[in-house]
Structure formats: C-alpha cells, structure tokens
Amino acid sequence: MKVVSRFDKLVKDADGQAQWLFAILQSVHDGVLVIDDCEVVRLVNPEYTRITGVKENEIIGKRLRDVRPNALLPETLKDGKVRTGVYRKEGSNEYVVDMAPIVVHGQVIGAVSVCKGLTEVHKLTQELKRNKERLNELKRTVYSIYRATYTFAHIIGHNDKIKEMIRIAKRAAESDLPVLIMGESGTGKELFAQAIHQEGPRAEHPFVPVNCAAIPAALLESELFGYVEGSFTHAKKGGKIGLFELADGGTIFLDEIGDLPYDLQAKLLRVLQEKTIRKVGDTHERRIDVRIIAATNKDLRQLVAKQYFREDLFYRLHVITLHLPPLRERKEDIPLLAHSIIQASGGGGQRPVCSISQAAMALLQSYDWPGNIRELKNVIDYAICMTDGMEIDLHHLPPSIMKDPEVFRSSTSIQPLRKMLEETEKRLIVEALRQFGTDVQGKKQAAKELGVSLATLYNKLKKLGISEDLPSSAPNG
Ligand SMILES: Nc1ncnc2c1ncn2[C@@H]1O[C@H](COP(=O)(O)OP(=O)(O)O)[C@@H](O)[C@H]1O
Ligand SMILES: [Mg+2]
C-alpha cells in the first residue's frame with residue numbers, strides 16, 4: 001500500500017506548494033529577500049532580519065530602492081545577471097550577498113538575494129585561530145617530551161665496521177626511507193636511530209620510541225594507533241591519540257620489531273604503504289607523515305622463515321639496514337669508549353677520575369661484554385663509584401667481569417713483573433675478602449685460604465692500599 005505523506009497531501013495543489021516553499025524559506029540559515037518585477041519587496045525570511053537588522057514590516061510591500069537606496073538587486077532585475085559574494089556592511093552587521101533573477105517561462109518575474117552573515121564567520125575564524133594556536137602549543141609539548149638527544153657526535157668508535165655503519169647512517173639521515181637497525185642489546189641501536197633523526201629534516205619534530213616487546217600485545221594496537229570514543233568498554237571519553245599520531249611530522253622508533261604481533265604487522269605494512277592509520281573502532285583512515293626506524297636483536301630472516309614475521313613487511317623495512325657489531329668484535333674501541341664514559345660522568349657531582357690502570361684496562365679488553373656498550377657503561381660507572389683515587393684499578397671493577405683469567409696471559413698486559421705480581425696479589429686478596437668478609441673473622445679465614453699469616457695480610461692490605469669497603473656485587477647489565 002502506498003503511504004501518502006503529509007508532504008504529498010500538501011503539495012498536490014498550487015496553494016499547498018506555495019506554503020511548502022514558504023516554510024522552507026522560513027527555516028533556512030541564509031537570509032532571503034525577494035522582489036517582484038516592479039522592485040517591490042515580496043518576501044523576507046527571519047534570517048534576513050537577523051543578519052541585516054531590517055525588520056519585515058519596515059520593508060515588505062515597499063519598493064526596495066525607497067527603503068534601501070544602495071541596493072543592487074534592482075540592477076539584477078534589469079540586466080538579468082547573477083552577482084555573487086557582494087560585501088555589505090550596515091552598522092555593525094557585515095554580510096555577503098548573492099543575487100539572481102527569478103525566471104519563469106523565460107520571463108524575469110523578480111529577483112532574489114541570499115545573504116550570509118559574516119559576524120558568525122568572523123567568530124568561527126577566531127575560534128579556528130585559537131584552536132590552531134592550542135594545537136601548536138600541544139605539538140610543542142609533545143616535542144618537548146619526545147625529543148631525541150643523541151647526534152652522530154655522540155657515537156664513538158674507530159673500528160672499521162662501526163665507521164662504515166656511521167657512513168651509511170649519515171646517508172640514511174638525508175633520505176626518508178625506512179631504516180632497519182640490527183644488533184645485540186646495548187650495541188647502540190637507539191643511539192643510531194636518534195642520530196639519524198637528529199641529522200635529518202625531521203629533527204624539529206618528535207622522536208617517539210616504542211618498545212614493541214614491552215607493551216602487552218592486547219594494548220599495543222591502541223597504543224600505536226589510538227582509538228575513538230566508545231570503541232570498547234573502559235575506552236576513555238574523547239578517545240586516545242596513538243603514538244603514530246604523536247610522532248606526526250617526526251620519526252617513530254619501533255624497537256624490538258621482531259616482537260610485533262603478526263596481525264599488527266599487517267597494519268604496520270599498511271602505514272608504510274599508504275601512509276595512513278586507522279584508529280581502533282574508527283570507520284575512516286587518517287593521513288600521517290611519519291618516518292619509521294625499526295630495530296631488533298633477533299634474526300628477522302629466521303623469523304620470516306618460521307613465519308613469525310611477515311615477509312612483505314620484512315622487505316618493506318629492509319631498505320637501508322645497519323648491522324651494529326657487538327663490542328667483543330671492536331675491542332680496540334674499548335679505551336676510547338671507557339674514557340668518554342668517564343668524562344661524561346665527571347660532571348655528575350662525582351670526584352674527577354682521570355685514568356684507568358693498565359691492568360684494569362687489560363681486564364676490560366679481555367672481557368666478552370655480552371651486554372655490549374650498555375654493560376661497559378655500567379661497569380665504568382660502578383668503578384667510578386668505588387674508586388677514591390685518581391685511577392680506576394683492578395679491584396674497583398665488579399667481580400662479575402673478573403672471572404676471565406685471560407687478562408693475565410694477554411700480550412696486551414705485559415708490564416714489569418713486580419707490578420704484575422702486586423696486581424695479582426691485590427686481586428686475590430680482594431676476592432678472598434669479598435668471599436669471607438672484612439671483619440676480623442673474615443680476615444682470619446681469608447689469610448688461611450691465601451696461605452699467609454693474619455699479620456702478613458694486614459701488612460699487604462696497607463702496602464697495596466686495599467680499602468676495606470669492598471664492592472660485594474656487580475651492577476646488573
Ligand atoms: N658507539 C657508541 N658510542 C658511545 N656510546 C654508545 C655507543 N653505542 C652505544 N652507546 C651507549 O650505550 C648505551 C646503550 O645503547 P642503546 O642505543 O640503548 O643500545 P641498544 O638500543 O642497541 O640496546 C647507551 O647509553 C648509549 O649511549
Ligand atoms: Mg635499545
């Protein structure tokens with residue numbers, strides 16, 4: 001059965017149609033004024049009054065020219081031309097007017113002017129300006145929080161491999177291509193990522209690091225891409241901005257990319273290909289401009305072979321790849337690194353420490369450094385804390401790196417026999433005291449184990465300058 005609407009009933013006769021059009025004119029948000037072909041005003045709607053300040057009873061039935069001598073609408077009536085965007089100002093009312101003839105059966109029977117108030121446009125413009133200022137302020141805040149601090153000047157190393165990596169990284173900084181940085185933990189992956197960001201055109205924009213392994217998989221998507229209001233229970237009002245959006249204009253550093261869940265890998269691929277993101281629960285995509293630098297200490301190729309990592313994403317990321325060597329493969333850089341770490345820690349209210357004894361350096365160079373430069377840094381910081389002289393010596397180093405006796409056979413540690421013996425004596429006494437304690441009972445036990453009398457032990461402690469505040473445990477790496 002056909003439903004007859006109120007609309008159908010009304011517009012079926014001419015009178016009804018007029019009523020219908022009149023009702024529309026009453027409710028539109030533009031001011032409307034109509035004159036007939038004798039220039040007499042036949043209609044104004046409430047919006048016209050609101051915008052121009054001219055009341056209906058002041059104008060209806062009168063010749064427009066008589067009421068408003070500057071009106072242009074009679075011209076339109078005469079020449080039949082459309083006029084748009086004519087600016088008008090009446091007192092404090094500002095508006096723009098579009099004018100057109102009304103043509104029926106090829107004859108001009110009147111003219112209509114449609115006006116839009118500018119006061120509102122001004123207000124909106126002001127609001128837009130304020131919002132833009134706030135947005136810029138927020139962007140500055142984001143930048144102050146997510147800011148890279150390291151540059152290439154902070155990367156230390158004379159080793160050929162590391163020099164080659166610095167050369168490639170500098171090239172990468174000039175481009176906007178994705179960079180993949182591989183290397184064991186503590187080899188400087190984040191340091192390189194920051195330097196690449198700082199050297200490139202995005203330096204004045206945020207550098208946002210994300211550890212993909214540290215964020216629970218269930219949260220990672222909304223952390224990375226954000227969500228819209230009401231997308232799930234407990235979703236925050238107003239939604240949430242994701243890290244990709246925070247990084248807009250800058251760089252996102254995806255650390256431990258090998259731990260990115262498989263379904264999110266597809267989303268990341270989309271970001272790389274389309275340069276768009278979609279928030280959780282959102283119906284549309286948003287454009288973003290973010291450079292991606294990813295890092296991993298895993299063998300990504302192997303993860304691809306085992307189908308833990310998407311091959312297409314791997315090849316997308318594998319454009320510029322840096323392989324950072326472990327510290328044990330660039331031991332020649334250890335003295336340089338150690339001295340720079342000492343120098344950097346000098347300002348922090350510590351006593352100035354100027355040097356490292358030959359034996360201590362030999363030990364540092366003989367150790368394998370599974371935690372790489374991060375571990376070296378911890379060891380040096382520990383030693384600085386333990387020393388009270390001007391020199392870091394063997395017994396200031398944490399026991400965790402003492403295990404390797406290689407140092408005493410190493411050709412780099414050749415030195416006068418007496419000094420060598422002293423160092424060894426010192427090391428053994430320190431180890432024994434660590435084991436048994438520095439109280440009298442501990443010393444007695446240590447002397448017994450070392451095969452000397454208690455008096456000899458006391459003499460040696462004095463002669464070798466061994467402090468009794470012995471470090472007892474290693475810092476964690
Ligand atoms: N070549 C280097 N020169 C100086 N410091 C370095 C170098 N490589 C790493 N470091 C320092 O070692 C620590 C670990 O570096 P980081 O970039 O966090 O390693 P990763 O991200 O590979 O675990 C940081 O304090 C960093 O400043
Ligand atoms: Mg790291």
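Reading guide: rules and limits
- Residues numbered from 1 in each chain as written.
- Chains lettered and ligands numbered in written order.
- Predicted model: local features only at pLDDT ≥ 70, side-chain atom pairs only at ≥ 80, totals over all residues.
- Heavy atoms only, no water.
- Pairing = 2+ DSSP bridges.
- Helix = DSSP H or I, 4+ residues; strand = E, 2+ residues; numbered from the N terminus.
- Axes fitted to C-alpha atoms, helices over the stretch in contact; angles between N-to-C directions.
- Contact = heavy atoms within 4.5 Å.
- Salt bridge = Lys/Arg side-chain N within 4 Å of Asp/Glu carboxyl O.
- Buried < 20%, exposed > 50% of the residue type's maximum accessible area, 1.4 Å probe, protein only.
- Domains from an automatic or database assignment.

Student: I tried to follow the sheet that holds strand β13 (residues 291–296) on my own but got confused; where do I start?
Tutor: What links the strands of a sheet is backbone hydrogen bonding, and the strands pair in either a parallel or an antiparallel sense. Ordered by their spatial adjacency, five strands build an open sheet running β7-β10-β13-β6-β14, and the pairing between neighbours is parallel. Among the strands making up the open sheet, the edge pair consists of β7 (207–211) and β14 (320–323). In this sheet, neighbouring strand axes are inclined to one another by 15° on average, regardless of whether the strands run parallel or antiparallel. Each of β6 (179–182), β13 and β14 touches helix α8 (residues 160–174); the most contacted strand, β14, lies at about 155° to it.

Student: What am I meant to see in the pattern of salt bridges here?
Tutor: Throughout the structure, instances matching the rule amount to 23 salt bridges. A salt bridge links Arg270 to Glu285, with the nearest nitrogen and oxygen atoms 3.0 Å apart. Taken together, the residues span a long stretch of sequence, with Arg270 in helix α12 (residues 262–274) and Glu285 in the loop between β11 (276–277) and β12 (286–287) at a distance of 15 residues. Residue classification places Arg270 among the partly exposed residues on the basis of a relative accessible area of 39%. Notably, a salt bridge pairs Lys460 with Glu425, separated by 2.7 Å at the nearest N-O pair. In this pair, Lys460 sits in helix α20 (residues 454–463) while Glu425 sits in helix α18 (residues 417–436), placing the two residues 35 residues apart along the sequence. Overall, Lys460 belongs to the partly exposed group, its relative accessible area being 22%. On the basis of relative accessibility, which here comes to 28%, the residue Glu425 falls in the partly exposed class. Salt bridges sharing partners connect three or more residues here, namely Glu39, Arg63 and Arg65.

Student: Before we go on, may I ask you to explain the sheet that holds strand β1 (residues 31–36) in this structure?
Tutor: Taken together, the five strands give an open sheet; going across it, the order is β2-β1-β5-β4-β3, and neighbouring strands pair in antiparallel fashion. A single partner strand is all that each edge strand has here, and the edge strands are β2 (41–44) and β3 (83–90). When the angles between neighbouring strand axes are averaged without regard to direction, this sheet yields 25°. Two elements, strand β4 (residues 93–104) and strand β5 (residues 107–117), share ten bridges in a ladder whose sense is antiparallel. Bridged to Ile102 within β5 is Gly110.

Student: Teacher, can you tell me more about the domain arrangement of the protein chain here?
Tutor: By convention, interface size is frequently given as the accessible area that disappears when the constituent parts associate. We note that the domain assignment places domain 1 (6–119), domain 2 (146–325) and domain 3 (329–463) within the protein chain. Each of domain 1 and domain 2 has a C-alpha centre, and the two are 59 Å apart.

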